[in-house]
Structure formats: structure tokens, C-alpha cells
Amino acid sequence: MTGTRLDPWVGAYAARTHGLAVSEIRALFAVASRPEVVSLAGGMPFVQALSTDVMVATAERVLRERGTQALQYGSGQGDVHLREQIARVMAEVAITAHPDDIVVTTGSQMALDLVTRTFCDPGDVVLVEAPSYVGALGVFASYQCDVVHVAMDEDGLIPEALRETIAALRGRRIKMLYTIPNFHNPAGVTLTDERRHEVLRIAQDAGILLLEDDPYGLLGFEGPPPRALRAEDPDGVVYLGSFSKTIAAGLRVGWAVAPHGVREKLVLASEAAVLCPSNYAQLTVSEYLATQPWREQIKAFAQLYEERRDALLDSLQAMMPAGTRWTIPAGGFYSWLTLPEGLDATAMLPRAINSLVAYVPGTGFFADGQGRSHLRLSYCYPEPDRIVEGVRRLAAVVESELALAEVFGTAGSSARALGSAVPGPDVK
Amino acid sequence: MTHVVVLAGGLSPERDVSLRSGRRVAEALREVGVSVTECDVDAQLIGTLRSMRPDVVVPMVHGTTGEDGAVRYVLGALGLPFIGATGSACERAFDKSVAASLVGQTGTATPRSITLPQAAFGELGAGEVLAAAVDFIGLPLVVKPIKGGSALGVSVVREAGALPAAMVGAFAYGTVVILQQFIAGTELALSVLDDGAVRVLPPVEIQAPNGIYDYHARYVAGTTEFFVPARLDEASVQRAVSVATTVHTTLGLRDWSRTDVIVDEHGEPWFLEVNVAPGMTETSLFPQSLAAAGLDVGAVTADLISRALAR
């Protein structure tokens, strides 16, 4: 006798969906959205810093002056004028690109999906950093790629580790190396200039496409933006950019710059997925770039994120128990925290939620179950005094967890049980 | 027209489940013509209830505050009728150890267990305590937070070396943990409707992957297979039904409840726990029993609301 599984389509789902799991962690995040909880979990940009008057005026001009175009289907590759503007924006990171090589997408997340769809067959290897962006891991899983993590430290991806990983995978088809070189999500670190040259050389020698994901490059707190990897090697690198953090995430406007052979395939894939990116959103971004001091707005964003970063780092320094370590981001939204030996960030999360503070456990940023002794802290959204309160609560949770680990003898044991320590930045 | 407030959400780890349950019950009530407002459990709630003065409140908050009696005591203090168990009945039912103890006194089989707060492990030495627990209960055993739901923090421990990590995982959800004998058998959910007479709706047999009805198995459609009617002989089903009735009346529950049992290879039902605010999501058990009985969530809840008004 067969019973019911309460889902009539359960036998019909494609194999690629089988890796998608709803876990207790996602349920806990339903609690994290409550105002009582200081959420150091979400990576939401502080869009309140944008002037409402400016956004209203921009939208109004778009609708009044180019309303018919804004409300109509457009080019699958994206509005040509916007692509010209994007080329100028990328000059800030030393990329020289022709508007024809740019594909506008609905957020750079979509560009990431299109590139993966264009290159990866099930079973193909994709190299990623250890840890890596959860959204990318989701895309690679959905295309049934075999994700292999490569060690990072406080200076980003370790070239020697990359060389060794490639050598160990001899015989396997490695299609891409996915990297977030600037103010890494979730690790907070930035790839040094010297290592950029090395990583490019290694990828070139191995014939591996480099996928450079750069949503935060213009949100550094000190000095000029780092030079993009693509600036060195236009043929070997696909660069993904986004206006989500430099203007507004809700507009859903991002892009890919790719060698022309790749670009053609991306346009076809984009058309198959969405027909064309939103004209309304594109023209809004275009109007904004044309009429607003967008570089000044980015500086204003960077200043408020820097203030929040300082609030986080200062309170971590003051309050976290001995044995806790974290990265020092020079821009972007995140710091990667390593718990004292033996503690498990996933097991600790319910206790943290109960204590009204939220973070993202490190396991979410690995495809292979690593990351249990790490967690990601986002400082982009809460006000600085809330960040301090959040750290206070988190420190108390870590103390309780240490006491518990002491009682049950699990302090120090889980790290040993997992074998070698998780590669990852661990600089205080 | 009767105006009802459905309470859902709260701050427990079951918030997401509660919001879904609450939404489904609210929609079902609206379909039968009841005027419904959905409210979360937060600092605004009491003010909202005072100004709104609903006729009846339907608590669909899972986990602490919702199922431990706190919200119901407050509703009682505000003079608002509500459906489901009273505050003091919740206190008896939500604590797995207290519930099992009271139910066990009626002769119903309950797993061998010990209940311990975190402090006891520190005071007496975790190693000694756990060794004594394993000797007394045997392996495999189940570790659970004493107050909780949706299998959060629950783990089956098959060898002693895994026990410390299981304890740490359970203590993440609360300060008191119960260690229980693992009962092998058929898992049954018995939904009880008390609309003047206590009746047990068609039991649902639960077959979860690897036999573990964890959070994922509960809330991701397609993971678990359910059988209504259960694939058990009639005598075993009747014994399980009788346990559910006993639990509901012994603990002094009201309106609705769901008792979870495991029927062993001899046909003996073992009481695991009872829920005073049973889940009403798309994959929940109570709605399946209602459907098997030809009943509708909206109509049944509306009827309980009328009964609450008449109390």
C-alpha cells in the first residue's frame, strides 16, 4: 500500500533539485527578522542612505521622458547607453571594456547563473575559495557541478593551494575558478596585488576560466579600489558587477563582461531566461548615473559602512572570549569569525537566536560540510549601537557555549574530530 | 459577526512553522465566514488585544510562550476566551517529563527516561551522569529538550561516544533535557477533537526517511510518507486511540490536541508526547486526520470557537 507524500510532483523533480534542502537554519532566520533580534546575519545594504527625493525625481524623469521605452521590452543584451555607462564605471577598477562585451542582467546573481549554465555540465569541477559566497554555491549545486574549495588566508586565495588543488584534480574537467577578490563575502579579506598576478598565471596555465565576482570593489574604506583581475587578462576572465551595493539592490541591475565568444552565449541564455532585463530598472540606473554624483554617494555609503565596521571590530575586541578570532575587512560588509576550539556555530545558533542575536553559521559557505567552527558577521545594516549590543549578546552566547563544552568535554574535541583545521582566514 | 484573532509567530525556533499554521487556519476560518485578524506575539500584542477586544483568540503559536501556558495565562488575565488547553494544562503537557509521568500513572507505556538540567551535569560531572544514564536507559536512546517541538534539538544516540555532542545540541534549545529509551516501531499521530465528546480522528502513520522524523522530514513536502489509515491491525490501532483519549483527559486538555505514540512489534502503544497547539501547515498531521474524517479545518475551528464563546 502506498501512502501520500503530500506533494503530487515528488517523483517528477529534476535531479538537479535534489541538493536543495530546507533546514532548521532557514527556519531560525524567520525569528532573526524580528526587531527584538540584532541580526548580524543579513547582507542588506543600508539603502536608507539614499535620498528619497532623488530617487523619486529620477523615476519621474524616466517615466515622463522615456516612459514608453521604460515600459516596453528591450534588448536581450541590455540598454546600449547603460552599457556605455557601465564601461565608464568599470574604469574605476582599471577595466577597459567595450559596451558590446557587456551583458546587463537582473542582478549579478543572474549573470553568475548564466555563466555557469553556459560553461558547466553535470560533474564538471568548479574551484571556489574556502569559504565562498552561499549564492554561488547554490548556483553551482543547481547545475550539478562538483565544487572544490581552495584555501584562503588573510591575503585571500593562496596561490600554492590553488596549484596543489589543480594538480590533485588531474584527469577531472575543471571549468572555472570562482573568486570574490575584494572584501570577500563571507571572509572579508582582499586578494593582494601580487597574488592576483599569480592566480591569473596559474589559471591561464591550467586553461581554467576565471569568474571574478565584484559587488563590493568600490566600497573600500582606504585607498583606491583594487585593480580587477580582468584588467590584466580580458580573455581569461569573466567579470561580474552589480549596482546592488553602489546604488540599490531592489533595482536588480548587474552585469557580466566577457570575451565576445562567451558574451554571445550569455545573451542567448539571458534571452531564454528573461527575454530581456527590465528596461524600467535599467533606465532608472542610467538616469541616476547621468544626473547624480554617484561617486560621492558611494563614498557616503563607504563612510557609514566603515563606521559600522569599526563598531563591530571594537566591540569584538572588547567583549569576545579568549580563543575567538576574526578577520579585519578593509571594505564591504563582512567579518569572518572563528570560534574558540571545540565550539560549533551551527549547534550554537538556536541559543544565539534565543538570546536575540543572529549570524550565519559557517557551514552555509562550504559545499563540503566544513565551516562548523566559523560564522559570518554582517555589519552593513544595523546602526552602530545595535551592532555593539549584538556583539554583547553574542559574546554571552559564546561564553555559555564554552561553559557547556567544558561540562561535556566537547571543548577542543570537535576540531580534532574533523581532521585538519578548516582552511580560512584566522587573523585577529 | 464573530471577530477572531489568530495568534501566530512568536520568538521561538518554531516561529516559521507557527506563521504557516496560523495563516492556514486564518484562511480556513475566513472561507467559512469568520472575521479574522492575524497577530504576532510581541510587545504590541496586549495593547492590540485590549483595543480590539476580539470575541475569541485562537493560539497557533508553537514552542515556548505559545505552548507552555504563558500566552494562555495572559489571555485568561485579559478576560479573553480562547480555544485549546488552559495555561495550567499547557504546563503539564508541554513539559515532556511531567506529561509522561502523569500519563504513565494511568498504566500507559512510557519510555524509560531521566530528566536533567544543565546545572546537574556541571555539579555531578557529565561523564558520570551520562554513564549512569546509559546504564539505566540503554542504547539507543533519544535526547530531547524537555520543552520544544518540531524535533528541534532531538537526536537519536546509538553509541555512547556521540552522547556529549547530542547533549550540547539539545541544550542549545533549553536548559533541561530528557534522555529517553528509544522505542522501535510504527510512529502514529493521533489527533483529538473535543467538541463535547473526546474523539480521536483517523490516526496517521508516519514513515520518515531513515525512520527519523526530524525538522526537514516534517516540513519539506515529499520527504515523509504518510499512511491514513495506518498499516496496523485494528486492535493495535484501537489501543493507540485509547491512549490518545487517556492523554487528553488525564492532562485536562481542551478542544484539540495531538498525541504522538510509537506502536511496538507487540502492538503496544508507547506515549512519546502531546501537542496542545498542533501544527496546521501543508505537511502537518492534524489536517491529514481531519481530511480523512471528512472534516474541514475552517468548520472545525469555527465550531470550537462557538464552544469557547459559550463557555
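Quick caveat, the model's predicted, so the values are computed rather than measured.

Trainee: Help me understand the sheet that holds strand 4 (residues 146-153) of chain A, please; the structure alone is not making it clear to me.
Mentor: Within a beta sheet, neighbouring strands are joined by backbone hydrogen bonds and run either parallel or antiparallel to one another. Residues and elements named next belong to chain A. Spatial strand order, 2-9-8-7-6-3-4-5: eight strands in an open sheet with mixed pairing. Each end of this open sheet is capped by a strand with a single partner; those strands are strand 2 (102-105) and strand 5 (156-157). Bridging between strand 6 (residues 174-179) and strand 7 (residues 209-213) involves four bridges; their strand directions are parallel. When the bridges of strand 7 are listed, Y178 appears paired with L211. Helix 4 (residues 107-119) rests against strand 2, strand 6, strand 7, strand 8 (237-242) and strand 9 (254-257) of the sheet, and its axis sits at about 155 degrees to strand 8.

Trainee: Just to check I follow, could you spell out the environment of L78(B) for this structure?
Mentor: All names here are of chain B. Locating L78 in the fold gives a position in the loop between helix 3 (70-77) and helix 4 (87-94). A C-alpha to C-alpha distance of 7.7 Å links L78 and R50, two positions 28 residues apart in sequence. Contacts of L78, omitting those with residues within four sequence positions, involve I46, L49, R50 and R53.

Trainee: Explain the interface of chain B and chain A here, please?
Mentor: Note: interface size is frequently given as the accessible area lost on complex formation between the parts. Taken together, the contact between chain B and chain A spans 37 residues of the former and 28 residues of the latter. Buried area between chain B and chain A, both sides added, is near 2900 Å², and the carbon and sulfur share of it is 65%. Interface area lost by chain B to chain A is led by L11(B), V168(B) and A172(B), which between them contribute 21%. Inspection of the region where chain B meets chain A yields one salt bridge.

Trainee: Quick question: what am I supposed to make of the layout of surface pockets here?
Mentor: Empty space left among the atoms is revealed by rolling a probe the size of a water molecule over them. Residues and elements named next belong to chain B. Of the pockets and cavities examined, the second largest pocket occupies roughly 690 Å³. Taken together, 37 residues line the second largest pocket, and the ones lying closest to its centre are E187, G211, Y213, I262 and L272. At the level of secondary structure, the elements contributing two or more residues to the lining of the second largest pocket comprise strand 5 (141-145), strand 6 (155-157), strand 7 (176-181), strand 8 (186-194), strand 10 (204-207), strand 12 (256-263) and strand 13 (269-275). Taken together, the residues that form the lining of the second largest pocket break down as 16 nonpolar, eleven polar and ten charged.

Trainee: How should I be thinking about empty space enclosed by the protein in this particular structure?
Mentor: What the rule picks out here adds up to six cavities of 30 Å³ or more. What the largest cavity holds in volume is close to 190 Å³. Around the largest cavity sit 20 residues that line it, and S150(B), R218(B), Y219(B), R258(B) and G279(B) are the ones nearest its centre. Among the elements of the structure, helix 9 (215-219), strand 12 and strand 13 of chain B are those that each provide at least two residues to the lining of the largest cavity. Among the residues forming the lining of the largest cavity, the class breakdown is seven nonpolar, seven polar and six charged. Put simply, the second largest cavity is a space of about 110 Å³. Along the wall of the second largest cavity there are 14 residues; nearest its centre are V89(A), D214(A), L218(A), Y239(A) and W255(A). Elements represented by at least two residues in the lining of the second largest cavity include exactly helix 3 (80-90) and strand 8 of chain A.

Trainee: How should the confidence of the model for chain A be read in this particular structure?
Mentor: Close inspection of predicted coordinates is inappropriate in any region flagged by low pLDDT. For chain A, the mean per-residue pLDDT works out to 92, and 93% of the residues sit at or above 70. The low-confidence segment residues 413-428 of chain A, where pLDDT is below 50, has 33 contacts with residues more than four positions distant or belonging to other chains.

Trainee: Please clarify how unusual backbone geometry should be interpreted in this entry.
Mentor: Generally, phi is negative for residues other than glycine and the peptide bonds are trans, each holding for most cases. Across the junction of A130(A) and P131(A), the peptide omega takes the value 5 degrees, indicating a cis bond. Summarising the element assignment, P131(A) is placed in the loop between strand 3 (125-130) and helix 5 (134-142). Residues L139(B) and P140(B) are joined by a peptide bond in cis, for which omega reads 0 degrees. Here P140(B) lies in the loop between helix 7 (126-137) and strand 5. A positive phi angle, close to 70 degrees, is found at T65(B), a residue other than glycine. Tracing the backbone through its elements, the reader meets T65(B) in the loop between strand 3 (56-59) and helix 3.

Trainee: Could you clarify how one ought to interpret the sheet that holds strand 2 (residues 35-39) of chain B in this entry?
Mentor: Residues and elements named next belong to chain B. Spatial ordering of the open sheet is given by 2-1-3, a layout of three strands whose pairing is parallel. The open sheet has two edge strands, strand 2 and strand 3, and neither has a second partner. Strand-to-strand twist of the sheet, defined as the mean angle between neighbouring strand axes without regard to direction, takes the value 25 degrees. Two strands pair when backbone bridges link them, and strand 1 (residues 3-7) and strand 2 are joined in this way by five bridges, in the parallel orientation. Bridge assignment links V5 to a residue of strand 2, and that residue is T37. Strand contacts of helix 1 (residues 15-31): strand 1, strand 2 and strand 3, with the helix running at about 165 degrees to strand 2, the strand carrying the most contacts. Relative to strand 1, helix 2 (residues 45-52) is tilted by about 170 degrees, and along the sheet it contacts strand 1, strand 2 and strand 3.

Trainee: Even after reading the chapter, I still don't get the packing of aromatic side chains, so can you show me in this structure?
Mentor: Two aromatic rings are characterised by how far apart their centres lie and by the angle between their planes. Counted by the stated rule, this structure contains 16 aromatic pairs over all chains. The interplanar angle of 50 degrees and the centroid separation of 4.9 Å between the aromatic rings of F408(A) and F121(B) together place this pair among those described as tilted. With F408(A) in helix 14 (residues 384-408) and F121(B) in helix 6 (residues 118-124), the pair connects residues from two separate chains. With respect to burial, F408(A) and F121(B) carry one shared label: buried. In this arrangement the basic side chain of R231(B) is found over the ring face of F227(B), its NZ or CZ atom lying 3.6 Å from the centre. Lying across the ring of F82(B), R254(B) places its NZ or CZ 5.1 Å from the centre.

Reading guide: rules and limits
Residues numbered from 1 in each chain as written. Chains lettered and ligands numbered in written order. Predicted model: local features only at pLDDT ≥ 70, side-chain atom pairs only at ≥ 80, totals over all residues. Heavy atoms only, no water. Pairing = 2+ DSSP bridges. Helix = DSSP H or I, 4+ residues; strand = E, 2+ residues; numbered from the N terminus. Contact = heavy atoms within 4.5 Å. Axes fitted to C-alpha atoms, helices over the stretch in contact; angles between N-to-C directions. Buried area = accessible area lost by both parts, 1.4 Å probe. Salt bridge = Lys/Arg side-chain N within 4 Å of Asp/Glu carboxyl O. 1 Å grid on protein atoms, 1.4 Å probe; cavity = no way out; pocket = protein on both sides within 12 Å on 5 of 7 lines; lining within 4 Å. Points joined across faces, edges and corners; volume = space filled by probe spheres on them. Nonpolar A, V, L, I, M, F, W, Y, C, P; charged D, E, K, R; others polar. pLDDT = per-residue confidence, 0-100. Phe/Tyr/Trp six-rings, centres within 6.5 Å; stacked < 30°, edge-to-face > 60°. Buried < 20%, exposed > 50% of the residue type's maximum accessible area, 1.4 Å probe, protein only. Lys NZ or Arg CZ within 6 Å of the ring centre and 35° of its normal.

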